[in-house]
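Chain residues, written in single-letter form:
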Amino acid sequence: VQLVESGGGLVQAGGSLRLSCTASRRTFSSYAMGWFRQAPGKEREFVAGVTSSGGSTYYADSVKGRFTIARTSAKNTVYLQMNSLKPEDTAVYYCAARNRLGTLSTPDYDYWGQGTQVTVSS
């Protein structure tokens, strides 16, 4: 499975961005998907996840109420809508996929995208 992220960029604090992650495989609907981020000098951290059915989502406390994860099987795509962005949201954002059971927030995913840079200016 190849994952390609897009939608990153530079935005002012309080602004919004929508990240997209498109999967190459048509069995996308069987994969749980997650978004992670890594800021300079920090470890990669969980941001949001969605089950294969799309029925359940999970968020890091730091983004809860501001970010929304959603998926569409018709386009093999998972989105991360990011509102009320803060400078501390600045990081490279990665999407990840897994087609086995596991906890959405742990980074033991099988496939990873190349990442997209999000920079929030103050």
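Up top is the structure these notes are about.
What comes next is a walk through the structure. (Residues numbered from 1 in each chain as written. Predicted model: local features only at pLDDT ≥ 70, side-chain atom pairs only at ≥ 80, totals over all residues. Heavy atoms only, no water.)

So, about the state of the cysteines. The full count for this structure, using the stated rule, is one disulfide. With a sulfur-sulfur separation of 1.9 Å, cysteine 21 is cross-linked through a disulfide to cysteine 95. Negative torsions about the S-S bond denote left-handed disulfides, and the value of about 50 degrees found for cysteine 21 with cysteine 95 makes this one right-handed. One end of the pair, cysteine 21, is in strand S3 (residues 17–23); the other, cysteine 95, is in strand S9 (residues 91–98), and 74 residues separate them in sequence. Here the two residues cysteine 21 and cysteine 95 agree in accessibility, since each one is buried. (Disulfide = S-S within 2.5 Å. Helix = DSSP H or I, 4+ residues; strand = E, 2+ residues; numbered from the N terminus. Buried < 20%, exposed > 50% of the residue type's maximum accessible area, 1.4 Å probe, protein only.)

This paragraph deals with the packing of aromatic side chains. Within this structure, the stated rule accounts for six aromatic pairs. Look at phenylalanine 36 and phenylalanine 46: their rings are 5.6 Å apart centre to centre, the planes differ by 75 degrees, and that puts the pair in the edge-to-face class. With phenylalanine 36 in strand S4 (residues 32–38) and phenylalanine 46 in strand S5 (residues 45–50), this residue pair connects regions lying 10 residues apart in the sequence. Taking 5.5 Å as the distance between ring centres and 75 degrees as the angle between the ring planes, the aromatic pair formed by phenylalanine 36 and tyrosine 109 counts as edge-to-face. Of the two residues, phenylalanine 36 is situated in strand S4 and tyrosine 109 in the loop between S9 and strand S10 (111–112); the sequence distance between them amounts to 73 residues. (Phe/Tyr/Trp six-rings, centres within 6.5 Å; stacked < 30°, edge-to-face > 60°.)

In this structure, Met33, Trp35, Leu80, Met82 and Tyr93 are the most contacted members of the largest nonpolar core, which totals 35 residues. If you list the elements that add at least two residues to this core, you get S3, S4, S5, strand S7 (67–72), strand S8 (77–82), S9 and strand S11 (116–121). With five residues, S9 is the single largest residue contributor to this core. (Core = buried A, V, L, I, M, F, W, Y, C linked by side-chain atoms within 4.5 Å.)

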